[in-house]
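In case you want the letters, here they are:
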Amino acid sequence: MARVLEIGSGDRVLEVSRRIADGLLDVQRRVNAQVDAMQAELLPEVRRQLGQADAEPVDLAGLSNTRIEGLSIVVTPEAVAGVLPLSAASAATTRAGRRAMTGILRGEDDRLAVITGPCSIHDPGATLEYADFVARMRERHGADLEVLMRTYTEKPRTEVDWKGFAYDPYLDGSSRISVGLVATRLLMRAITEKGVPVAAEPLNALTPQYVDGLVTYNAVGARNVTDQTARERVSGFSSVIGFKNSPEGSVESAIQAVVAARAGHEFLGVDRHGMTAQLSTSGNDTGHVVLRGAADGPNHSAEHIAEVRARLRARGLPEVVVVDASHGNSGKDHRRQPLVVRDLAGQVAGGETAIRGVMLESNLVAGRQDLDQQRPGDLAYGLSVTDSCADLAMTEEMLAELAAAARARRAR
């Protein structure tokens, strides 16, 4: 097994992940067969003790699973973690990253946080190469910036499109989810072992379990911020959490989410074995608003920041914001991200203390390309298949500008 886990380069990530997934799925089939056998043996006695007669056969045709075309087992979080446990280096990276991010949000650390990386990762090799870039930037700007890497493997969709690396890692519609989940953990483990903390955007209750202990920062996206179940879930997250304003620009939705996530909740979830469980949470006090712009324009100006501060103050919440330089704030044009950063850097250098972090969409190559699931091998290397991204040179310039702004604010 040790030889299987030596990925070497990004080219082998999917091969290794497939071998792990196939082995774990075989184990899961055997476990499921034992569970079925035990229930078939034990449940009749429970029914007898309760005075319940054996159920008569009922024809469920047209009543159950009428639109389900297939059902496949998946690897469980516990099994994946058993084969791919956290290394000491990964654990140290995540622990230090969470401590740094929490300190920045609380005002105990006067640096700026920057979350930078691809809109979505789709190529393991390019992902690891980008992680090396982030490692260099962390070394260069560590005194002024806490730089995290976006490792988004789930993509929210307004209608229908590719749903992300975790769901379709081969980019061809084959939907090998077990392989994608294993590969996601494998990549996050490799990145954090480089000393680079990671950020993610989980879209459901299950996927965070597969990367438990590896994620420093989780964002709740614009499409999910109004979902009360999402707010409840992150109230139990060990990571730092941010809530984006809704697509139409509602900051109130994000503020409501912050309030909800700070409280404890009781809800249905799953345990590490994938079994349904009742979860009780204590609340997450790291929650904050992320301004990502809206369909009708940006919301990163000094006037917008002042308005959000006032609204947070009125709710008794910390006056803390992170600003997304992409999405609505850049009109999804990567060439406009530096303009957003320049405005934010000016505010920070001028003494604005509410701005604690900035998000960038960045990749090895500038721009974006369309994914043809019939010909995924034709994709250009290092180029986004979702939103348009800045390249490394542009990203270096933006990081340098933000670092200078952090120094200027400290000097004040």
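Refer to the structure above for everything that follows.
Residues numbered from 1 in each chain as written. Predicted model: local features only at pLDDT ≥ 70, side-chain atom pairs only at ≥ 80, totals over all residues. Heavy atoms only, no water.

*Asks:* Could you give an account of the overall build of the protein chain, naming the residues involved and the relevant values?
*Replies:* Looking only at helices and strands, the protein chain features 11 helices and 10 strands. Relative to the compact-globule value of 22 Å for 412 residues, the protein chain shows a C-alpha radius of gyration of 23 Å, a close match. Principal-axis analysis of the C-alpha atoms gives the protein chain an extent of 75 × 50 × 40 Å. The proportion of buried residues among the 412 residues of the protein chain is 53%. Looking at the protein chain, you have 47 positive and 54 negative side-chain charges, and the mean spots of the two groups are 4 Å apart. (Helix = DSSP H or I, 4+ residues; strand = E, 2+ residues; numbered from the N terminus. Rg over C-alpha atoms; globule rule 2.2 N^0.38 Å. Buried < 20%, exposed > 50% of the residue type's maximum accessible area, 1.4 Å probe, protein only. Lys, Arg positive; Asp, Glu negative; His and termini not counted. Charge placed at Lys NZ, Arg CZ, Asp CG, Glu CD.)

*Asks:* For the sheet that holds strand 8 (residues 288-291), give the residues involved together with the corresponding values.
*Replies:* Strand order in this closed barrel of eight strands is 1-2-3-4-5-8-9-10, and the pairing throughout is parallel. Taken over all neighbouring pairs, the strand axes of this sheet differ in orientation by 30° on average, direction set aside. With two bridges connecting them, strand 2 (residues 145-150) and strand 3 (residues 198-200) associate as parallel partners. Looking at the pairing, arginine 150 lines up with alanine 199 of strand 3. Across the face of the sheet, helix 3 (residues 88-106) comes into contact with strand 1 (112-117), strand 2, strand 4 (215-220), strand 5 (240-244), strand 8 and strand 10 (355-361) while running at roughly 55° to strand 4. Of the strands in this sheet, strand 8, strand 9 (321-324) and strand 10 are in contact with helix 9 (residues 302-314), which crosses strand 9 at around 145°. (Pairing = 2+ DSSP bridges. Axes fitted to C-alpha atoms, helices over the stretch in contact; angles between N-to-C directions. Contact = heavy atoms within 4.5 Å.)

*Asks:* So what about helix 10 (residues 337-349)? Which residues, and what values?
*Replies:* Given a rise of 1.5 Å per residue, 13 residues ought to cover 18 Å, and the 18 Å separating the end C-alpha atoms of helix 10 matches this to within 8%. All of the buried residues along helix 10 are Gln337, Pro338, Val340, Val341, Leu344, Ala345, Gln347 and Val348. Check the buried side of helix 10 and you find it contacts strand 1, helix 9, strand 9, strand 10 and helix 11 (392-411). Phi turns positive, to about 110°, at glycine 351, one or two residues after helix 10. (Expected span 1.5 Å × (residues − 1).)

*Asks:* Tell me what's going on with the pairing of strand 8, and back it up with residues and numbers.
*Replies:* Where strand 5 meets strand 8, three bridges bridge the pair, whose relative direction is parallel. Looking at strand 8, one finds that lysine 244 is bridged to valine 290. As paired elements, strand 8 and strand 9 share three bridges and run parallel to each other. Looking at the pairing, valine 290 lines up with valine 322 of strand 9. Handedness of the crossover joining strand 8 and strand 9 through helix 9: right-handed. (Right-handed = clockwise from strand over helix to strand, strands pointing away.)

*Asks:* Describe in detail the environment of serine 17, supporting the description with residues and values.
*Replies:* Tracing the sequence through the fold places serine 17 in helix 1 (residues 13-49). Once you skip the residues sitting within four places of it in the chain, serine 17 turns out to touch Val179, Val182, Ala183 and Leu186. Side-chain polar atoms of serine 17 contact the backbone oxygen of valine 13, separated by 2.7 Å. (Polar contact = N/O pair within 3.5 Å; in protein donor to acceptor, adjacent residues only side chain to side chain.)

*Asks:* So what's going on with helix 9? Which residues, and what values?
*Replies:* In this model helix 9 runs 18 Å from its N-terminal to its C-terminal C-alpha over 13 residues, within 8% of the 18 Å that 1.5 Å per residue would give. Those residues of helix 9 that are buried are in contact with helix 8 (251-262), strand 8, strand 9, helix 10 and strand 10.

*Asks:* Can you explain the pattern of salt bridges? Please cite residues and give values.
*Replies:* In total, this model carries 29 salt bridges according to the counting rule given. A salt bridge links aspartate 110 to arginine 410; the shortest N-O distance between them is 2.9 Å. You can see aspartate 110 sitting in the loop between helix 3 and strand 1 and its partner arginine 410 sitting in helix 11, a full 300 residues away along the chain. The shortest N-O distance in the salt bridge between arginine 368 and aspartate 370 comes to 2.9 Å. (Salt bridge = Lys/Arg side-chain N within 4 Å of Asp/Glu carboxyl O.)

*Asks:* Report on the packing of helix 8 against helix 9, specifying residues and quantitative values.
*Replies:* Between helix 8 and helix 9, the shortest axis-to-axis distance is 11 Å and the interhelical angle comes to 35°. Relative to helix 9, helix 8 is oriented so that their crossing is right-handed. Along its contact with helix 8, which presents Val251, Glu252 and Ile255, the element helix 9 presents Val308, Arg311 and Leu312. Each residue belonging to the contact of helix 8 with helix 9 can be placed in one class, and the counts come to four nonpolar, no polar and two charged. (Left-handed = near helix turned anticlockwise from the far one by under 90°. Nonpolar A, V, L, I, M, F, W, Y, C, P; charged D, E, K, R; others polar.)

*Asks:* Could you give me a rundown of the side chain of asparagine 329, with the residues and numbers involved?
*Replies:* Locating asparagine 329 in the fold gives a position in the loop between strand 9 and helix 10. Within the structure, asparagine 329 has its side chain in polar contact with the backbone oxygen of leucine 291 (distance 3.2 Å). Once residues within four sequence positions are removed from consideration, asparagine 329 is found in contact with Leu291, Arg292, Gly293, Pro298, Asn299, His300, Val323, Asp324 and Val340.

*Asks:* Summarise the packing of aromatic side chains; cite the residues concerned and give the values.
*Replies:* Enumeration according to the criterion identifies one aromatic pair in this entry. Note that arginine 150 overlies the ring of tyrosine 152, its terminal NZ or CZ placed 3.8 Å from the centroid. (Phe/Tyr/Trp six-rings, centres within 6.5 Å; stacked < 30°, edge-to-face > 60°. Lys NZ or Arg CZ within 6 Å of the ring centre and 35° of its normal.)

*Asks:* So what's going on with the side chain of histidine 265? Which residues, and what values?
*Replies:* By the element assignment, histidine 265 lies in the loop between helix 8 and strand 6 (266-270). Only 2.7 Å separates the side chain of histidine 265 from the backbone oxygen of alanine 260, close enough to count as a polar contact. If sequence neighbours within four positions are ignored, histidine 265 has contacts with Gln228, Glu232, Ser235, Ala260, Leu279, Ser280 and Thr281.

*Asks:* Give a detailed account of the pairing of strand 6, specifying residues and quantitative values.
*Replies:* Pairing of strand 6 with strand 7 (residues 276-280), which is carried by five bridges, proceeds in the antiparallel orientation. Bridging across to strand 7, leucine 268 finds its partner in glutamine 278. Connecting strand 6 to the antiparallel partner strand 7 that follows it, the hairpin turn spans five residues, and glycine 274 within it adopts a positive phi of roughly 80°.

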